[in-house]
Amino acid sequence: RAAKTSVTALRRQADELDDEAENRFFQKRKAESGKRKLSAADAGTAAHKFLQHFDFEKAADLPSLEAETRRLEKENYLSAQEREVLNLESIAAFWNSEIGKKILAQKEFVRRELPFTAKFSPRELDEILETQSPADLENEFVVIQGVADLAVILEKEIWLVDFKTDEFGARDLPEKIKMYLPQLKLYARALEKIYSRPATDCRLHFLHARKTVQI
C-alpha cells in the first residue's frame, strides 16, 4: 500500500473487482450526458457546490432555493450552466425529509465539505475494505485524506451524510450502495478518530433517486 492515499482512491480499489457493473454505470452516464450542457460529473460537482454554500434558512421551499441559486451565481460560486442542471426538487425533498429536518435542527453544529487527515493501520483498512494486506505490514500505517460532504459534530456523537448524484434505475440501488459503502465507512472511522466520539448516524443519500440509506 502507498503510505498516503485518499478515501476516493481506496473506494475505487475496493470496487475494482466489479468492473462489469462499473462499466454499465459509466455507459449510462455517458449516454445521459449528451442530453445536457454539462457532463454528469460536472452536474454532480454543481450539486455539491450548492449543498456546500446555500443558506440553511432557505432550505424549506423551492422559491427560496431558486433564490439561493441566483445569489450563488452572482457571488461566483456557481456558473449559469451549473445553475441550469441543479435538480432543486430533489434537493428540497432531502431537506424536507426526516433526516433533513433533523440536521437543520442542529445546523449550528454542521460542517460541510469537511477535510480530514487520519492514520489507519493496514488491519483497520482490511476490515473496512474487505481486503487482506501482507503480514509484514502489521507495524505500518497509512495516512488517509478525504472530504466529508456533511458532518454534524455534536458533543457526544457524529452524524454523517454522503451525497451521491448518480442517476440510475431502482434495481441498481443495491450495487450503488455496495460501491459507496467503503467510502462512507472510511469517513465515519476517520472522524471518530479525530473527534473522539462515535459516528452514530451514517447515511448515503442519492439525490436523483431521492433515497436515503442508513448504514
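Before reading further, recall that the structure is shown in the block above.
Just so we're clear, the structure is a prediction, and the values are computed from it rather than from any experiment. Throughout this document, residue positions are counted from 1 along each chain, in the order its sequence is written. At least 70 in pLDDT is required for a residue's local features to be given in this predicted model, at least 80 for side-chain atom pairs to be given and counted, and no such filter applies to totals for whole chains, interfaces and linings, which use all residues. Only hydrogens and water are set aside; all other atoms, that is, all heavy atoms of the structure, feed into the side-chain values.

**Student:** Is there a simple way to explain the overall build of the protein in this structure?
**Tutor:** Helix and strand definitions follow DSSP, with helices as H or I runs of at least four residues and strands as E runs of at least two, each counted in order from the N terminus. The helix and strand tally for the protein stands at 9 helices and 6 strands. Expressed as a percentage of the 215 residues in the protein, the buried residues total 42%. Restricting to contacts in the protein with at least 6 residues of sequence separation, those with at least 24 account for 71%. Note on areas: Shrake-Rupley with a 1.4 Å probe; residue coverage comes only from the protein chains shown. Just so you have it, the protein exposes about 11,800 Å², and 46% of that area is on carbon and sulfur atoms. Each residue is assigned to one of three classes by its accessible area relative to the maximum for its type, calculated with a 1.4 Å probe on protein chains only: buried under 20%, partly exposed between the two thresholds, exposed over 50%. Contacts are residue-level and defined by heavy atoms, with any inter-residue pair within 4.5 Å sufficient.

**Student:** Which parts of the structure should I look at to understand the pairing of strand E6 (residues 211-214)?
**Tutor:** In short, DSSP must find at least two bridges between two strands for them to pair. The pairing of strand E5 (residues 199-206) with E6 spans 4 bridges and is antiparallel. In the strand pairing of E6, leucine 204 is matched with valine 213. Between E5 and E6, which follow one another and run antiparallel, lie 4 residues, and arginine 210 among them has a positive phi close to 55 degrees.

**Student:** Can you help me understand helix H6 (residues 88-95) in this one?
**Tutor:** In an α-helix, one turn spans 3.6 residues; hence positions three or four apart end up facing the same way. Most of H6 is tucked away: 6 of the 8 residues are buried. Of all the residues in H6, the buried ones are Leu88, Ser90, Ile91, Ala92, Phe94 and Trp95.

**Student:** Explanation requested: the packing of aromatic side chains in the structure shown.
**Tutor:** Geometry of an aromatic ring pair is reported as the spacing of the ring centres plus the angle between the planes. Side-chain rings of Phe, Tyr and Trp (the six-membered ring for Trp) are treated as a pair once their centres are within 6.5 Å; stacked means planes under 30 degrees apart, edge-to-face means over 60, and tilted covers the remaining angles. Under the defined criterion, the tally for this structure stands at 9 aromatic pairs. With a centroid separation of 5.5 Å and an interplanar angle of 90 degrees, the aromatic rings of phenylalanine 54 and phenylalanine 56 are classed as edge-to-face. You'll find phenylalanine 54 and phenylalanine 56 in the same group, each marked buried. For the ring pair phenylalanine 94 and phenylalanine 163, a centre distance of 5.0 Å and an interplane angle of 80 degrees mean the geometry is edge-to-face.

**Student:** Please clarify how the environment of glutamine 183 should be interpreted in this entry.
**Tutor:** Note that glutamine 183 resides in helix H9 (residues 173-195). A relative accessible area of 4% places glutamine 183 in the buried class. Setting aside anything within four residues of it in sequence, one finds glutamine 183 in contact with Val7, Arg11, Asp162 and Lys164.

**Student:** Can you help me understand the nonpolar core in this one?
**Tutor:** Ranked by internal contacts, the top residues of the largest apolar core, which has 32 residues, are Phe120, Leu125, Ile144, Leu160, Leu186, Leu191 and Phe206. Every element with two or more residues in this core is listed here: helix H1 (7-15), strand E2 (110-120), helix H8 (122-129), strand E3 (142-153), strand E4 (158-164), H9 and E5. Examining the composition of this core, we find that 10 residues originate from one element, H9, more than from any other. Dropping the residues within four chain positions of it, phenylalanine 206 is found in contact with Lys164, Phe168, Leu173, Lys176, Ile177, Tyr180, Lys211 and Val213. Core analysis: the next-biggest nonpolar cluster, separate from the first, contains 30 residues, Leu72, Leu86, Ile103 and Val161 among them. We define a nonpolar core as any set of buried Ala, Val, Leu, Ile, Met, Phe, Trp, Tyr and Cys residues linked to one another through side-chain atoms lying within 4.5 Å.

**Student:** Quick question: what am I supposed to make of the environment of glycine 44 here?
**Tutor:** With respect to the helices and strands, the residue glycine 44 is situated in helix H3 (residues 40-53). Classification of glycine 44 by relative accessible area gives buried; the value is 8%. Once the C-alpha coordinates of glycine 44 and glutamate 82 are considered, the two residues, 38 residues apart in sequence, prove to be 9.3 Å apart.

**Student:** Looking at this model, I keep getting lost on the environment of glutamine 132. Mind explaining?
**Tutor:** Here glutamine 132 lies in the loop between H8 and E3. It is 8.4 Å that separates the C-alpha atoms of glutamine 132 and proline 122, two residues lying 10 residues apart in sequence.

**Student:** Is there a simple way to explain empty space enclosed by the protein in this structure?
**Tutor:** Rolling a probe over the atoms, with the probe sized like a water molecule, indicates the empty space that remains. The distinction between a cavity and a pocket rests on a 1 Å grid over the protein atoms alone: a 1.4 Å probe fits inside a cavity but cannot get out, while a pocket stays open yet meets protein on both sides within 12 Å along at least five of seven lines, and a residue with an atom within 4 Å of a point counts as lining. Grid points are joined across faces, edges and corners, and a volume is the space filled by probe spheres set on the points. Applying the stated criterion across every chain yields a total of 1 cavity of 30 Å³ or more. Each pocket or cavity is described by its volume, and for the largest cavity that value is around 40 Å³. Forming the walls of the largest cavity are His48, Leu51, Gln52, Arg112, Glu113, Asp149 and Phe163. Those elements that place two or more of their residues in the lining of the largest cavity are H3 and E2. Element by element, the count of residues in the lining of the largest cavity is highest for H3, at 3 residues. Each residue gets one of three labels, nonpolar for Ala, Val, Leu, Ile, Met, Phe, Trp, Tyr, Cys and Pro, charged for Asp, Glu, Lys and Arg, and polar for the others, Gly among them. Its residues assigned to classes, the lining of the largest cavity comprises 2 nonpolar, 2 polar and 3 charged.

**Student:** I keep staring at H8 and nothing clicks. Help me out?
**Tutor:** Across the 8 residues that make up H8, a large majority, 6, are buried. Taken together, the buried positions of H8 are occupied by Pro122, Glu124, Leu125, Asp126, Ile128 and Leu129. Residue glutamate 130 follows H8 closely and has a positive phi angle near 55 degrees.

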